[in-house]
Amino acid sequence: MDDEQPLFRWSWVESNWNSDSPNSIVNLLEAHVVMSLVPVVLGLLVSLPLGLACVRWRFLYQPTSAVMNVIYALPSLPLFMLLIPQTGLTRMTVIIPLTFYALAVLVPAVVDGMGSVPDHVRQSAVAMGFTPLRRLVQVELPIAVPVVLAGLRVVTVSSISLVSVGALIGQGGLGNLFTDAFQRDFYTPAIAGIVLIVLLALVGDGIVLAAQRLLTPWMRARRAS
Amino acid sequence: MNWLIDFFGNPDNWSGPGAIPVRLLEHLGFSAAALVLAALIGIPLGLLIGHTGKGSVIVVVSANLARALPTLGLLVLIVLLLGTASIWPVLIPLVALAVPPILVNTFEGIRGVDPELRDAAYGMGLRGPQVLFKVLVPVALPLVMLGLRLAAVQVVATAAVAAYVGLGGLGRYIIDGLATQDYESVVGGSVLIVGFALAVQGLFTLAQKVMVSPGVSQRLRVR
């Protein structure tokens, strides 16, 4: 690579966009979406029962939140390395730690969301004869949605950007562009990777935001009136 | 387990430029430098924006952008652009990633102070800066400390990734170990970094308990 390389080469993007190579941008994008989406979905599925259990049995919350705090502090790169003997250089090595990070944010979000349900609302539901399950599904969870989804936005965006560290074990989705750029002393893949990951994060954030608007129509009605 | 015994029992890891204490001090040095720089930018800016209420858009945008920006990409790009002659360019992404949590939490802390408390302070005749430093800062301290803790933990993790682009520190054991297929060094380095991050986390949690005035015992959390 000559010293006078331009900051960005469109021709590189064109020739690498959708080639047969597993490292074409489209294939990396697909890998990136899978590796960031699976932890978010798994995290949400596990954190709901776990968070609800912490609400139901308060004594569980203190130890759970302590564990979540510790998990959140664990650096991703060493976690990937410590998992390699079990999972090899596969996508799972990246997906498992990211799922734990998702839990660390979402469990407190579920607990806070349930805490945001006003007591008089809960009591009204009891007085109207709602069974505990119906009360949970039809009253409490819908009210908790904004707080839970605020946590989900954080998880989605940070998960999308964290996947790229997996490039150091060859499983980084678009992050592989960074190791490629570094090895070849070539700016273009690094810039393309950063831009695509930030765009992907914005799209993910937008989808969660749209879901929130769909799930809480009363919030819009209140703002419109 | 055997890997760990081999790694920590290997005399090569206890002497010379690759010795564990040397790498540990390097990691500590880079992380501390990045954190101090980020605090020097984030705390005053957060205090100013929180107190005056002007420029809160910066806070929101920087918070979102910081989460979306891929660390590794930033490190690679900076090093490619500025070269590896000096190690200091590597600090730029570390600082850039540490500023937002500090800035956002400082801002939220100051903003979240009960307006009645603020009015009472003005009513007692305190001036703007006095209100800020005698009333708002002590009340906002738990969140400021939370911001510093999140930033510190993130810097320690990112400094490990930065070994890939040539930074010293504990990440070297992982990157060099991967390159030479020396798995005991990879595992040993990983355990050291995890331990280091947990120690930092514990230290900041402790500092928060000690520093926050007992009168301010509300439990506030913002991520």
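Here the structure is a predicted model, which is why all the values come from computation and not from measurement.

1. A look at the overall build of chain A
Regarding its fold elements, chain A presents ten helices and zero strands. Scanning chain A from its N terminus toward the C terminus, one meets helices and strands in the order α-α-α-α-α-α-α-α-α-α. Projecting the C-alpha coordinates of chain A onto the three principal axes gives extents of approximately 75 × 45 × 25 Å. The buried share among the 225 residues of chain A stands at 50%. Within chain A, contacts between residues separated by at least 24 positions form 71% of all contacts whose residues are at least 6 apart in sequence. Charged side chains in chain A number 13 positive and 12 negative. The centres of these two groups are separated by 23 Å.

2. Some details on helix H2 (residues 20–52) of chain B
All names here are of chain B. With 33 residues, H2 should cover 48 Å at 1.5 Å per step; its first-to-last C-alpha distance of 47 Å lies within 8% of that length. In the structure, H2 departs most strongly from a straight axis at Ala39, where the bend amounts to approximately 25°. Gly53 lies just past H2 and shows a positive phi near 75°.

3. Thoughts on the side chain of Ser185 of chain B
Residues and elements named next belong to chain B. Tracing the backbone shows Ser185 in helix H9 (residues 183–211). Looking at Ser185, the relative accessible area reads 8%, which means it is buried. A distance of 2.9 Å separates a polar atom in the side chain of Ser185 from the backbone oxygen of Tyr173. In this view, Ser185 contacts Phe7, Tyr173 and Gly177; residues no more than four positions away in its chain are not counted.

4. Side note on the UniProt feature "transmembrane region" (unreviewed entry) in chain A
Residues and elements named next belong to chain A. The feature "transmembrane region" (unreviewed entry), as given by UniProt, occupies residues 33–55, 67–86, 92–111, 143–170 and 190–215 in the numbering adopted here. The span residues 33–55 carries 100% helix and 0% strand; its end-to-end C-alpha distance comes to 32 Å. From the first C-alpha to the last, residues 92–111 spans 28 Å; its make-up is 100% helix and 0% strand.

5. Quick look at the UniProt feature "domain: ABC transmembrane type-1" (unreviewed entry) in chain A
Following the UniProt record, the feature "domain: ABC transmembrane type-1" (unreviewed entry) maps to residues 29–208 of chain A here. Overall, residues 29–208 of chain A shows 83% helix and 0% strand. The separation of its end C-alpha atoms is 19 Å.

6. Quick look at the nonpolar core
Grouped together as the largest cluster of nonpolar side chains are 109 residues, with contacts concentrated most on Leu72 and Val76 of chain B. Among the elements that line this core, the one with the most residues is helix H7 (residues 128–161) of chain B, at 17 residues. Residues contacting Leu72 of chain B, with those up to four places away along its chain left out, are Ser164, Val165, Ala167, Leu168, Gly175 and Phe178 of chain A together with Val161 and Tyr164 of chain B. One finds Val40, Ala102, Leu149 and Val208 of chain A within the second-largest nonpolar core, a separate group that totals ten residues.

7. A look at the interface of chain A and chain B
Contacts between the two partners involve 39 residues from chain A and, on the opposite side, 37 residues from chain B. Buried surface at the junction of chain A and chain B, both sides included, amounts to about 3400 Å², of which 77% is carbon and sulfur. Area buried by chain A at its contact with chain B is led by Met81, Leu168 and Phe182 of chain A, which between them contribute 18% of it. Between the two partners, chain A and chain B, sit zero salt bridges. Those elements that provide at least two residues to the side of chain A that touches chain B are helix H3 (61–73), helix H4 (76–87), helix H5 (91–115), helix H7 (132–162), helix H8 (176–184) and helix H9 (187–215) of chain A. Considering each element in turn, the side of chain A that touches chain B owes the most residues, seven residues, to H9 of chain A. Residue composition of the side of chain A that touches chain B, by class: 31 nonpolar, seven polar and one charged.

8. Concerning unusual backbone geometry
Excluding glycine, a negative phi dihedral is what most residues carry, and trans is how most peptide bonds are arranged. With phi around 55°, Asp185 of chain A is a residue other than glycine that occupies positive phi space. Examined against the element boundaries, Asp185 of chain A turns out to sit in the loop between H8 and H9. Unusually for a residue other than glycine, Gln181 of chain B sits at a positive phi of about 55°. Summarising the element assignment, Gln181 of chain B is placed in the loop between helix H8 (171–180) and H9.

How each quantity is defined
- Residues numbered from 1 in each chain as written.
- Chains lettered and ligands numbered in written order.
- Predicted model: local features only at pLDDT ≥ 70, side-chain atom pairs only at ≥ 80, totals over all residues.
- Heavy atoms only, no water.
- Helix = DSSP H or I, 4+ residues; strand = E, 2+ residues; numbered from the N terminus.
- Buried < 20%, exposed > 50% of the residue type's maximum accessible area, 1.4 Å probe, protein only.
- Contact = heavy atoms within 4.5 Å.
- Lys, Arg positive; Asp, Glu negative; His and termini not counted.
- Charge placed at Lys NZ, Arg CZ, Asp CG, Glu CD.
- Expected span 1.5 Å × (residues − 1).
- Bend = angle between axes of the 7 residues up to and from the residue.
- Polar contact = N/O pair within 3.5 Å; in protein donor to acceptor, adjacent residues only side chain to side chain.
- UniProt positions renumbered as here; feature names shortened; annotations may be inferred.
- Core = buried A, V, L, I, M, F, W, Y, C linked by side-chain atoms within 4.5 Å.
- Buried area = accessible area lost by both parts, 1.4 Å probe.
- Salt bridge = Lys/Arg side-chain N within 4 Å of Asp/Glu carboxyl O.
- Nonpolar A, V, L, I, M, F, W, Y, C, P; charged D, E, K, R; others polar.

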